[in-house]
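Overview (structure and organization)
The primary structure of each chain is shown beneath.
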Amino acid sequence: MIYSIFFIQLFLGILALFITYSIGKTITSFFKLTGSFYFRLFITYIIGITIIVLCYSIGKSHGRTVNMILIPIIAYLLYYFRNSFTTEPQCNKKEIMQEFSWSLIPFAFVFIYQSLFYFNFGRNEMKVLFDDFYIYPRLTDSLQIWGAENGYPYLNYFFPYIRFKIVPYHFPELWLSAFWSDIFNISTTKSYYFTTNTLLIVIYSIGLCSLFKNSRYKYIILPLFVSAFLFIPILSYNNISFLSILCISGIKLAYIYPFVLLSFILITNNQRHLGYVILLCIPIFSITYLPSIYGGLIFYFII
């Protein structure tokens, strides 16, 4: 039983990776995308998860979502890159196979590693996870069932009028989990733990690889380092998996890390304007960073 669940989740995870890549690749194929191999792949996946979260959240919530603020930002970016549009797709089968094949390497490693904290293969049973892996899937249920973007899953059940309230939080990774749970017909706990988190770790790993384009060891060392120390629960106490000290809030913020990294890459490559635009998106994904990012940018431009 445990092994069948493992292989089913692995298959669904790879399918989710392929869907995200396909959406991003379809869009980037009509742009003259420059940069290294890993940077282009990084952009492809970021566009993929952005489109999924934006379209699914708007559809499920009937427009009652903070993600609506992304629409004018995306419109501005489309206008900014209007001269980069092409009339024919700029991709080929060899490029697609190469990009997706490389994506499978860190994905398989991260998925298998995370499964060790979910399954007890020796006893043919499931382990107890850190409580966040049960709390946030409950919020995901509210998104999937009612499209209610607030932190009141139980109140949403008893009081329908509360479902119309919008309370900014860190919902994008939950919307992404709700999407995978919806289309694959699996529990939100499984989609949140296996599919969403693994996907976001892979995207962040690819982004980090683009920083070390001159290192011959990036193919092996970097993905392993990111997987082991940034996101994955690696400590166990009394049969409960905890988060690594290096990522106390890693699971909650896994969605925004790729955007923080993208902003850093753009700013350090003298594309400050685009870097600032990406930074402005982060408080939409996690309201916690509104004072620090907006206040920091205002202070930076004043001085």
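The following paragraphs examine the structure supplied in this document. (Residues numbered from 1 in each chain as written. Predicted model: local features only at pLDDT ≥ 70, side-chain atom pairs only at ≥ 80, totals over all residues. Heavy atoms only, no water.)

1. Focus on the overall build of the protein chain
Along its length, the protein chain carries 12 helices and four strands. The buried share of the protein chain, taken over its 303 residues, is 50%. The contacts in the protein chain between residues at least 6 apart in sequence include a share of 68% that link residues at least 24 apart. Of the roughly 15,000 Å² of accessible surface on the protein chain, a fraction of 68% belongs to carbon and sulfur atoms. (Helix = DSSP H or I, 4+ residues; strand = E, 2+ residues; numbered from the N terminus. Buried < 20%, exposed > 50% of the residue type's maximum accessible area, 1.4 Å probe, protein only. Contact = heavy atoms within 4.5 Å. Areas by Shrake-Rupley, 256 points an atom, 1.4 Å probe, with all protein chains shown as cover.)

2. Some remarks on the packing of helix 2 (residues 37–61) against helix 7 (residues 172–184)
A pair of packed helices is captured by two measures, namely the crossing angle of their axes and the spacing between those axes. Between helix 2 and helix 7, the least distance of the axes is 9 Å, while the angle of their chain directions is 80 degrees. It follows from the interaxial angle that helix 2 and helix 7 lie roughly perpendicular. Contacts between helix 2 and helix 7 pair Ile49, Ile52, Val53, Tyr56, Ser57, Lys60 and Ser61 from the former with Pro172, Trp175, Leu176, Ala178, Phe179, Trp180 and Asp182 from the latter. Looking at side-chain class alone, the contact of helix 2 with helix 7 contains 10 nonpolar, two polar and two charged residues. (Axes fitted to C-alpha atoms, helices over the stretch in contact; angles between N-to-C directions. Parallel < 35°, antiparallel > 145°, perpendicular 65-115°, else oblique. Nonpolar A, V, L, I, M, F, W, Y, C, P; charged D, E, K, R; others polar.)

3. Examining the environment of Leu41
Mapped onto the fold, Leu41 is located in helix 2. For Leu41, a relative accessible area of 0% translates into the label buried. Taking the C-alpha atoms as reference, Leu41 lies 8.5 Å from Lys25; in sequence the two are 16 residues apart. The contacts of Leu41, once residues within four sequence positions are left out, are Tyr21, Glu99, Trp102, Ser103 and Ile206.

4. What to know about the packing of aromatic side chains
This model, assessed by the stated rule, comprises 35 aromatic pairs. Ring centres 5.0 Å apart and planes at 85 degrees place the aromatic pair Phe37 and Tyr38 in the edge-to-face group. Classification of Phe37 by relative accessible area gives buried; the value is 17%. Judged by its relative accessible area of 5%, Tyr38 is buried. Taking 5.1 Å as the distance between ring centres and 80 degrees as the angle between the ring planes, the aromatic pair formed by Tyr80 and Phe81 counts as edge-to-face. (Phe/Tyr/Trp six-rings, centres within 6.5 Å; stacked < 30°, edge-to-face > 60°.)

5. With respect to the side chain of Thr65
Assignment of secondary structure puts Thr65 in the loop between helix 2 and helix 3 (70–80). What Thr65 contacts, discounting residues up to four positions off in sequence, is Ser57, Ile58, Glu149, Ile166 and Trp175.

6. A word on a nonpolar patch on the surface
A grouping of Tyr152, Leu155, Tyr157, Phe158, Phe159, Tyr161 and Phe164 is seen on the molecular surface, where their side chains present a nonpolar patch of about 800 Å² in accessible area. Its location among the elements puts Tyr161 in the loop between helix 6 (153–158) and helix 7. A relative accessible area of 54% places Tyr161 in the exposed class. (Patch = residues over 30% accessible without salt bridge, like charges linked within 9 Å, V, L, I, M, F, W, Y side chains within 5 Å. Salt bridge = Lys/Arg side-chain N within 4 Å of Asp/Glu carboxyl O.)

7. Thoughts on helix 11 (residues 272–285)
Over its 14 residues, helix 11 runs 20 Å from end to end, which matches the ideal 20 Å to within 8%, given 1.5 Å per residue. With 11 of its 14 residues buried, helix 11 lies for the most part within the structure. Every buried residue of helix 11 is accounted for by Leu274, Gly275, Tyr276, Val277, Ile278, Leu279, Cys281, Ile282, Pro283, Ile284 and Phe285. The secondary structure elements touched by the buried residues of helix 11 are helix 3, helix 7, helix 10 (257–268) and helix 12 (290–302). (Expected span 1.5 Å × (residues − 1).)

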